[in-house]
Amino acid sequence: MMMKKYGYRAALVAATGMLAASQALAGGYVWLEGGAGYADLSTEGFDQAAATWLTTPTATGARVGDDDSDTLWRLGAGYALNEHWAVELFYEDLGEYSGSMTLEGTNPQGASATLDATETVDLSGVVAQLVGQWPLNERFSLLGTAGLSYLENEREYRAEVSNFNAPGQSGSQSDDSHEWVPTLGLGASFQLTEQLDVRGRYTRYFDAGETDNIPSFDLDILSVGITWRW
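Residues numbered from 1 in each chain as written. Predicted model: local features only at pLDDT ≥ 70, side-chain atom pairs only at ≥ 80, totals over all residues. Heavy atoms only, no water.

Check the secondary structure of the protein chain and you find two helices and nine strands. From first element to last, N terminus to C terminus, the protein chain shows the α and β order α-β-α-β-β-β-β-β-β-β-β. Taking all 230 residues of the protein chain together, the buried fraction comes to 35%. Of all intrachain contacts in the protein chain linking residues separated by at least 6 positions in sequence, the fraction that spans at least 24 positions is 69%. Total accessible area on the protein chain stands at roughly 13200 Å², and carbon and sulfur atoms take up 58% of it. (Helix = DSSP H or I, 4+ residues; strand = E, 2+ residues; numbered from the N terminus. Buried < 20%, exposed > 50% of the residue type's maximum accessible area, 1.4 Å probe, protein only. Contact = heavy atoms within 4.5 Å. Areas by Shrake-Rupley, 256 points an atom, 1.4 Å probe, with all protein chains shown as cover.)

Turning our eyes to something else, we now look at the pattern of salt bridges. Under the criterion given, the structure shown has twelve salt bridges. Across the salt bridge formed by Arg201 and Glu33, the nearest N and O atoms sit 3.0 Å from each other. Of this pair, Arg201 sits in strand S8 (residues 196-209) while Glu33 sits in strand S1 (residues 27-39), and the two are 168 residues apart along the sequence. When sorted by exposure, Arg201 lands in the same class as Glu33, which is buried. Its salt-bridge partner being Glu104, residue Arg63 comes within 3.3 Å of it at the nearest N-O pair. With Arg63 in strand S2 (residues 59-67) and Glu104 in strand S4 (residues 85-106), this residue pair connects regions lying 41 residues apart in the sequence. (Salt bridge = Lys/Arg side-chain N within 4 Å of Asp/Glu carboxyl O.)

Our next topic: the confidence of the model for the protein chain. When pLDDT is averaged across the protein chain, the result is 89; 88% of the residues are at 70 or more. Taken as a whole, residues 1-8 scores under 50 in pLDDT and shows zero contacts with residues more than four places along the chain or in a different chain. Low confidence marks residues 10-24, where pLDDT is under 50. Its contacts with residues over four positions away, or in another chain, come to two contacts. (pLDDT = per-residue confidence, 0-100.)

Our next topic: the environment of Trp85. In this fold, Trp85 is placed in strand S4. Judged by its relative accessible area of 40%, Trp85 falls in the partly exposed class. Along the sequence, Trp85 and Leu130 sit 45 residues apart, while their C-alpha atoms lie 7.4 Å from each other. Setting aside its immediate chain neighbours within four residues, Trp85 contacts Tyr79, Ala80, Leu130, Val131, Gly132 and Gln133.

For Asn107, the location among the structural elements is in the loop between S4 and strand S5 (112-135). What makes Asn107 buried here is its relative accessible area of 17%. Here the side chain of Asn107 touches Ala111 through a polar contact of 2.8 Å, landing on its backbone nitrogen. (Polar contact = N/O pair within 3.5 Å; in protein donor to acceptor, adjacent residues only side chain to side chain.)

This next bit is on the pairing of strand S9 (residues 217-229). Of the pairings in the sheet, the one linking S1 to S9 comprises eleven bridges and is antiparallel in character. Paired with Ala39 across the strands is Leu219, a residue of S9. (Pairing = 2+ DSSP bridges.)

On to the packing of aromatic side chains, then. On inspection of all chains with the given rule, the structure shows five aromatic pairs. Ring plane angle 50 degrees and centroid distance 5.5 Å describe the contact between Trp73 and Tyr91, whose orientation is recorded as tilted. Of the two residues, Trp73 is situated in strand S3 (residues 69-80) and Tyr91 in strand S4; the sequence distance between them amounts to 18 residues. On the basis of relative accessibility, which here comes to 39%, the residue Trp73 falls in the partly exposed class. Between Tyr150 and Trp180, the aromatic rings sit 4.6 Å apart at their centres with planes inclined by 40 degrees, giving tilted as the arrangement. Residue Tyr150 is located in strand S6 (residues 140-162), and its partner Trp180 is located in strand S7 (residues 169-191); the two are separated by 30 residues in the primary sequence. Directly above the aromatic system of Trp31 lies the positively charged group of Arg201, at a separation of 4.8 Å from the ring centroid. (Phe/Tyr/Trp six-rings, centres within 6.5 Å; stacked < 30°, edge-to-face > 60°. Lys NZ or Arg CZ within 6 Å of the ring centre and 35° of its normal.)

If you trace the backbone, Leu222 turns up in strand S9. You can call Leu222 partly exposed: its relative accessible area is 46%. For the pair Leu222 and Thr203, spaced 19 residues apart in the sequence, the C-alpha separation amounts to 6.7 Å. Each residue touching Leu222, except ones within four places of it in the same chain, is listed here: Gly34, Gly35, Ala36, Tyr38, Arg201 and Tyr202.

Structural data, given as structure tokens:
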């Protein structure tokens, strides 16, 4: 009976110690990251238009290109629930991605015409995510993230035409939409001091953006930043 009593006390002391340790590891933090985004772009709409243009008698050339990378930044706050789990909420500007097309032609009199068209999508939004943390030692931890981003797609179409010997003309159209975009990521964190960490992360955004001539594309993010805990 006495041994059971001491056993219960030992278990209670151990449980209390574990709870205290867990509470000590819980707490809030803020963080800032910068990095680069790489879009898996397809210029399908421009490719089809260029191919069609090249079948016309006046066509002399067609070029299609893209700008599939840009810089980005993120600013957010989080709360560590315990040693292994945290939740985060943050704002991010993921940069601008675009496709472009140039069509060239010449009429029977030898006058030339050119169309330069560009479609751009600018991505930014708010993200909520769950962070899993796996400490490897006192300072170094591996990270895994799963989140949901509410992204704004700001789209713009610009065109400039020089039509044979006529004066050049230009115009633009723009619109925007909002999409719920799932994200998954991996990373690592290194503790510099009791309050300051440095961390690097890779994040994949699924179907992050699209335009009329650029089908829906995934976006890969590489970022590095600092975390300050209190």
